[in-house]
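# Analysis of the macromolecular model
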Number of protein chains: 2
Amino acid sequence: MSQNKFTDKNVIARCVPMSKLQSVIGGKWKILILWYIAFYKVQRFGELMRRLDGITQSTLTKQLRELEYDGFLHREIYKEIPPKVEYSLTEFGQSFIPVLQTMMTWSEKYLCPDYVNPYQEITKE
Amino acid sequence: MSQNKFTDKNVIARCVPMSKLQSVIGGKWKILILWYIAFYKVQRFGELMRRLDGITQSTLTKQLRELEYDGFLHREIYKEIPPKVEYSLTEFGQSFIPVLQTMMTWSEKYLCPDYVNPYQEITKE
DNA sequence: AGTAGTAGTACTTTTTTAGATACTTAGAAT
DNA sequence: ATTCTAAGTATCTAAAAAAGTACTACTACT
């Protein structure tokens, strides 16, 4: 009767970190959004729109709201005209920076060995 | 006339590592599948099915084929009856292990602080 | 008076992703 | 003669994600 406990629903149903991570940063845009906010210091909705080539307003709104809900982002609303909102990483969001960095380093080396960071081209002028 | 070169389509359209990474490991199951194969040494289709609670055969097949296509997995077919196929990480796939490890460590600490690895419960009996 | 700027909302349509179901192979066990 | 096994394929449907379009608010500028 020595059962493989992995088949036990109670074990499987538990919070499985990789599964949760996938649900939190999955999707077509999230790690890209986090990456822009964390490393490029993008804070405004409009700037994110321009940088995330191909994203629509409604999708960006939804993604930002989810990242806010999951605790990664803080959304500071200024009561100004025209409207102003600034996005920034929470402390929790900042804890994720090393993961983003690891991903980026790996991607540069293994996915895009001939990639040149366009940000450097901007700042050097 | 000093333009922000980031608005230049040529720069944006280039291979952006994070974007590529997202497309490669996005989806509902991929990092979970890689994680099982990398750390739990799961090699067989059926075992993956049992561990990935809720996945269907066709979805698992598709995910595995994509991971194979993207270079992460090697698929060894044995001409036996009943059929036998073994999945394993390619060299490229192995290069991704540190990334998985970083993700896992972060997830355990920040997403699931009360998580206990069920694999340990299996092996200790 | 008309247009631009920012950060959206609301609603619909399209695309992508995943799930459901039935079927296959070929031998071994019941 | 069935049933079981592993690892699928093929086809269809459902659900989720993303995109498209139209519209808003308030002020400043032309």
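This text gives an overview of the structure that appears in the document. Please read all numbers here as calculations on a predicted model, not as lab measurements.

## Concerning the protein's contact with DNA strand C
Taken together, 24 residues sit near DNA strand C, with A:R44, A:R75, A:P83, B:K28 and B:Q63 positioned nearest. Put simply, 64% of the atoms of DNA strand C that lie within 4 Å of the protein are in sugar or phosphate. Between DNA strand C and A:R44 there is a distance of 2.5 Å, counted from a phosphate oxygen to a side-chain nitrogen or oxygen. The contact in question runs from a phosphate oxygen of DNA strand C to an N or O atom on the backbone of A:G46, over 3.0 Å. Of all the secondary-structure elements, those providing two or more residues to the surface near DNA strand C are α4 (45-51), α5 (57-69) and β2 (84-89) of chain A together with α5 (57-69) of chain B. Taken together, the residues of the surface near DNA strand C break down into eight nonpolar, 10 polar and six charged.

## Digging into unusual backbone geometry
All names here are of chain A. Between I81 and the following residue, P82, the backbone shows a cis peptide bond with an omega angle of -5°. Positioned with a positive phi, K41 is a non-glycine residue whose angle comes to about 55°. For K41, the location among the structural elements is in the loop between α3 (30-39) and α4. A residue is classified by how much of its surface remains accessible, and K41, at 60% relative accessible area, is exposed.

## So, the protein's contact with DNA strand D
Neighbouring residues of DNA strand D: 22 residues in total, closest A:K28, B:R44, B:R75, B:P83 and B:Y87. Backbone atoms, meaning sugar plus phosphate, form 72% of the atoms of DNA strand D positioned within 4 Å of the protein. Between DNA strand D and the protein, one listed contact pairs a phosphate oxygen with a backbone N or O atom of B:G46 at 3.0 Å. The side chain of B:Q57 places a nitrogen or oxygen atom 3.0 Å from a base nitrogen of DNA strand D. Every element with two or more residues in the surface near DNA strand D is listed here: α5 of chain A together with α4 (45-51), α5 and β2 (84-89) of chain B. Residues of the surface near DNA strand D, tallied by class, amount to eight nonpolar, nine polar and five charged.

The rules behind these values
Residues numbered from 1 in each chain as written. Chains lettered and ligands numbered in written order. Predicted model: local features only at pLDDT ≥ 70, side-chain atom pairs only at ≥ 80, totals over all residues. Heavy atoms only, no water. Near = heavy atom within 4 Å. Polar contact = N/O pair within 3.5 Å; in protein donor to acceptor, adjacent residues only side chain to side chain. Helix = DSSP H or I, 4+ residues; strand = E, 2+ residues; numbered from the N terminus. Nonpolar A, V, L, I, M, F, W, Y, C, P; charged D, E, K, R; others polar. Buried < 20%, exposed > 50% of the residue type's maximum accessible area, 1.4 Å probe, protein only.

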